[in-house]
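Descriptive structure summary
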Amino acid sequence: MLSKAQLFSNTRVESFSILCRKLLSNVTLSICGFLTPNAKASPSASSPENPENGDSGLTSSTGTKHGKVGRPVKISPFYTLKAVLLMGLSGVETIGHFMRVDMARQFDLSQAHVYRFLNDTRKNWRKLIHIVSKSALRIVAPCYPEDKFNAFIVDDTVYHRRRSKKVELGCKVYDHVSNRTEKGFTLLNLAIGNSRTALPIDSVIISSADEKKQLRPADKRTDWRSHGGQSRRRAMMSKIAMTTEMIRDALKRGFKADKVLMDSWFGCNNTLIWELHDMGLNVVAMAKDFSQRFRYNGQVFYLPELRVLLKPAEETCKASPSGATCTVVGQMLVGCEPTKAQLDKNPHLEPLPVRLIWLKSYTENKELVLITTDTEATLEQTIMSYSARFNIEENFFNLKHFLHMESGSRARSFDTIRSHVALCLIRLLLLTVMKVGQERMTFGDAVYVVGEEVKVKPLSQAIERIFQSLMELPEKLIASHCIVKGKEREVMELVVKALRDIFNGFSQYVLSFIGDIADLLSPTGSGSHADPPKSPSVV
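Residues numbered from 1 in each chain as written. Predicted model: local features only at pLDDT ≥ 70, side-chain atom pairs only at ≥ 80, totals over all residues. Heavy atoms only, no water.

Running from N to C, helix H8 (residues 227-235) and helix H16 (residues 414-434) cross one another at 85 degrees; their axes reach a closest spacing of 10 Å. Accordingly, the angle class assigned to the pair H8 and H16 is roughly perpendicular. Residue-level inspection shows His 227, Gly 228, Ser 231, Arg 232 and Ala 235 of H8 in contact with H16, the latter providing Phe 414, Asp 415 and Arg 418. Of the residues contributing to the contact of H8 with H16, the split by class is two nonpolar, three polar and three charged. (Axes fitted to C-alpha atoms, helices over the stretch in contact; angles between N-to-C directions. Helix = DSSP H or I, 4+ residues; strand = E, 2+ residues; numbered from the N terminus. Parallel < 35°, antiparallel > 145°, perpendicular 65-115°, else oblique. Contact = heavy atoms within 4.5 Å. Nonpolar A, V, L, I, M, F, W, Y, C, P; charged D, E, K, R; others polar.)

And the structure:
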C-alpha cells in the first residue's frame with residue numbers, strides 16, 4: 001500500500017512556498033501595515049534578510065534577529081510570515097514547542113522575534129485576510145464554471161480557552177454543542193462559497209462588553225487608534241451589529257454575492273433581515289418558533305400558528321449536488337414585520353415579503369422551517385442554497401482539528417490571539433487552493449503533504465551540505481600537499497564519479513527534494529543552483 005507521500009509525489013501539487021508567493025506580495029504586506037520604509041537591505045539573495053521575493057528597502061518593524069542587542073539585522077516580513085505559516089503545519093502545535101525542535105533551525109528566526117511579530121498592534125490582519133481570500137477566489141472560481149461563488153455564509157463557533165484565567169478580553173460563552181458555559185471567545189466568521197466549498201473572507205473575535213463577565217479587561221496601554229485597539233473595540237460589539245459591518249466591508253472590498261446564508265440564531269432576527277434587504281441581498285436562513293412574528297391575511301402569527309393554517313402538499317426536492325433529497329411538507333408566502341426602529345423612521349412601512357418552507361427532519365421527529373426573501377426562487381434552488389451553508393461548518397472542523405486553532409496558541413495577549421486566528425484562516429485558504437483539482441486529496445492529505453515539505457527540507461539541506469563538502473575535498477588535499485602534483489584532475493574525477501553513483505541510487509521521492517545537487521555533479525562542473533535538473537538522468 002502506498003503512503004501519502006508516495007501517493008501525491010507524482011501529482012501536480014504546488015509547494016506551499018509557491019502558493020505563498022502567489023497569494024502574498026510586498027504590496028499586500030505594505031498595505032496591511034507589515035512593512036516599514038528603511039535603509040537598503042544587504043544584496044544577499046538567499047538569506048532571510050532578503051528572500052526570494054526581493055524586498056530590499058523594506059524591513060520588519062519587529063526588531064532584531066536572534067534577539068541580540070546591537071545593530072539590528074533586517075528580516076523580511078514576507079520571510080517571517082511564510083515561516084510562521086509553515087510552523088503551524090509542521091505537526092508541532094505551538095510556536096514555543098516548535099522552536100525547541102531541530103526543524104526550527106531551517107528558518108533561522110528567534111522565538112522572541114516571532115512573538116514580537118505576532119504581538120504587533122500595527123498589523124491589519126483583517127485586511128490581509130480580505131486580500132488573500134480575493135486572490136484565492138480568483139484561482140478557485142474558474143475551477144467551478146457552472147457553480148458560482150455568489151453567497152455569503154455567516155456563522156459563529158466557540159473558541160475554547162477552558163484552562164485560561166488571565167486571557168485578555170476572555171469571557172464565559174455558552175456552547176450549544178456541549179450545553180455548557182465555557183471560557184473563551186465567540187469567533188464570528190464570514191465566508192463566500194458555492195455548493196462545494198467556502199472561502200473565509202473575514203473573522204472577528206467577539207467577547208463581552210460587560211467588564212464583569214470578562215476574565216481580564218483590555219490592556220490599558222493599548223493605543224485605541226491602532227488596528228489592535230480597533231479589534232478590541234469590535235470584540236465588544238454585538239454579533240448582529242458586527243455581522244452587518246462585516247458584510248458591508250466585504251461588499252466594499254469587491255466581493256460580489258446576491259444572498260446570505262445563515263443558521264437559526266441569525267435568521268430569527270428581523271433587524272438583520274431588513275438590513276441585508278436594504279443592502280440588496282436576499283436571505284436564506286433557518287427560522288425559530290416563537291421568535292419571529294409574520295403577517296398573514298392582515299393578522300400577526302407565530303410559526304406554530306402558521307403551521308396550523310398550512311395546507312400540506314408534500315413533494316420531494318433535490319437538496320445537494322450529490323443527489324440527496326428532502327421532503328417538503330409545504331410552503332407559505334407571508335410578510336416579515338418591520339422593527340420598531342424602522343417604524344419610527346417610516347410609520348407606513350409595509351412588511352417584507354418572505355417565503356416559509358417546512359421540511360421534514362430525518363434525524364429528529366420534528367419539522368424544520370426555512371425563511372427566504374427571494375420569493376421568485378424555486379423550492380429546489382432555495383434548499384440547494386441553504387445546503388451550501390454547511391461548508392462553513394467543515395471549515396470550523398478543519399480549523400480546530402487540523403490547523404490547531406484552539407490548541408495552537410496559549411497566549412494571553414489579545415493581539416497574539418487575533419494574529420493566530422488570522423494565520424489559521426490564511427493556512428486554510430492556502431490549503432484549499434492547494435487541493436483544487438486534486439479529486440483524491442482531502443484536506444488532511446494537504447496538511448500532511450505540507451508537513452512533509454517542512455520536515456524533508458532540513459534533510460535535503462544536510463545532504464546538499466555533505467555533497468558540497470566532498471566536492472571541496474580535493475582542493476583541501478591539494479592545499480595541504482597530500483596529493484602528488486599532476487594527480488589533481490584524477491582525484492576530482494574519482495570523487496565526482498562516487499557521488500554520481502550515490503546520487504543515482506536515491507529514490508524518486510528523495511530526488512524531488514534534493515534535485516539541486518545534480519548541478520554540482522553535472523559534467524560541466526558549473527556548480528550553479530539556478531535551475532534544478534528536469535530529471536535525474538542528467539547526472
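The subject of this paragraph is the packing of aromatic side chains. Taken as a whole, this structure holds eight aromatic pairs when the rule is applied. For the pair Phe 397 and Phe 402, a centre-to-centre distance of 6.1 Å together with 80 degrees between the ring planes defines the contact as edge-to-face. Judged by centre distance (5.9 Å) and plane angle (55 degrees), the ring pair of Phe 402 and Phe 443 falls under tilted. Linking Phe 402 in the loop between helix H15 (391-401) and H16 with Phe 443 in helix H17 (residues 443-471), this pair joins segments that are 41 residues apart in sequence. The cationic tip of Lys 239 hangs over the ring face of Trp 265; the distance from NZ or CZ to the ring centre is 3.9 Å. Here the basic side chain of Arg 389 rests over the ring of Phe 390, its NZ or CZ set 4.7 Å away from the ring centre. (Phe/Tyr/Trp six-rings, centres within 6.5 Å; stacked < 30°, edge-to-face > 60°. Lys NZ or Arg CZ within 6 Å of the ring centre and 35° of its normal.)

Attention now goes to the nonpolar core. Counting 128 residues, the largest nonpolar core has Leu 128 and Phe 152 as its most contacted members. The greatest single-element share of this core, amounting to 14 residues, is contributed by H16. Core analysis: the next-biggest nonpolar cluster, separate from the first, contains six residues, Phe 467, Met 471, Val 495 and Leu 499 among them. (Core = buried A, V, L, I, M, F, W, Y, C linked by side-chain atoms within 4.5 Å. Buried < 20%, exposed > 50% of the residue type's maximum accessible area, 1.4 Å probe, protein only.)

Secondary-structure assignment places Leu 356 in strand S13 (residues 352-360). Along the primary structure Leu 356 and Thr 375 are separated by 19 residues, whereas in three dimensions their C-alpha atoms are 9.4 Å apart. Setting aside its immediate chain neighbours within four residues, Leu 356 contacts Phe 294, Leu 303, Leu 306, Gly 330, Gln 331, Met 332, Val 334, Val 369, Leu 370 and Ile 371.

Quick look at the environment of Glu 394 now. Along the chain, the position of Glu 394 falls in helix H15. For Glu 394, a relative accessible area of 42% translates into the label partly exposed. Separated by 197 residues in the primary sequence, Glu 394 and Thr 197 have C-alpha atoms spaced 8.9 Å apart.

On to a nonpolar patch on the surface, then. A surface patch of nonpolar side chains, amounting to about 240 Å² of accessible area, comprises Ile 466, Leu 470 and Leu 473. Relative to the elements of secondary structure, Leu 470 occurs in helix H17. (Patch = residues over 30% accessible without salt bridge, like charges linked within 9 Å, V, L, I, M, F, W, Y side chains within 5 Å. Areas by Shrake-Rupley, 256 points an atom, 1.4 Å probe, with all protein chains shown as cover. Salt bridge = Lys/Arg side-chain N within 4 Å of Asp/Glu carboxyl O.)

Quick reminder: α-helices carry 3.6 residues per turn. Residues three or four places apart thus point the same way. Taking 1.5 Å of rise per residue, the 21 residues of H16 would be expected to cover 30 Å, and the 30 Å separating its terminal C-alpha atoms lies within 8% of that figure. The buried fraction of H16 amounts to 21 of the 21 residues, a majority that puts the element mostly inside the structure. N-cap assignment for H16: the residue whose side-chain oxygen lies 3.3 Å from the backbone N of Asp 415 is Ser 413. (Expected span 1.5 Å × (residues − 1). Polar contact = N/O pair within 3.5 Å; in protein donor to acceptor, adjacent residues only side chain to side chain.)

On to H8, then. Gly 228, Gly 229, Ser 231, Arg 232, Arg 234 and Ala 235 are the residues of H8 that are buried. The inward-facing, buried residues of H8 contact helix H7 (125-140), strand S6 (198-206), helix H9 (239-252) and H16.

Pairs may arise between side chains of opposite charge once their charged atoms sit close together. Scanning the entire structure with this criterion turns up 20 salt bridges. The residue Arg 126 makes a salt bridge to Asp 249 at a minimum N-O spacing of 3.0 Å. Taken as a pair, Arg 126 in helix H7 and Asp 249 in helix H9 lie far apart in primary sequence, 123 residues in all. Assessed through its relative accessible area of 12%, Arg 126 is described here as buried. Overall, the relative accessible area of 18% leaves Asp 249 in the buried class. Close ionic contact of Lys 360 with Glu 314 constitutes a salt bridge, the shortest N to O distance being 3.4 Å. Pair noted here: Lys 360 is in strand S13 and Glu 314 is in the loop between helix H12 (303-309) and strand S11 (315-318), with a separation of 46 residues, a long-range link. For Lys 360, a relative accessible area of 38% corresponds to the partly exposed category. Taking the relative accessible area as the measure of exposure, Glu 314 reaches 53% and is therefore exposed. Salt bridges sharing partners connect three or more residues here, namely Arg 126, Asp 202, Glu 245 and Asp 249.

Looking at the secondary structure, you find Ser 385 in helix H14 (residues 379-387). Judged by relative accessible area, which is 16%, Ser 385 ranks as buried. Of the polar contacts made by the side chain of Ser 385, one reaches the backbone oxygen of Gln 381; its length is 2.7 Å. Each residue touching Ser 385, except ones within four places of it in the same chain, is listed here: Lys 259 and Leu 261.

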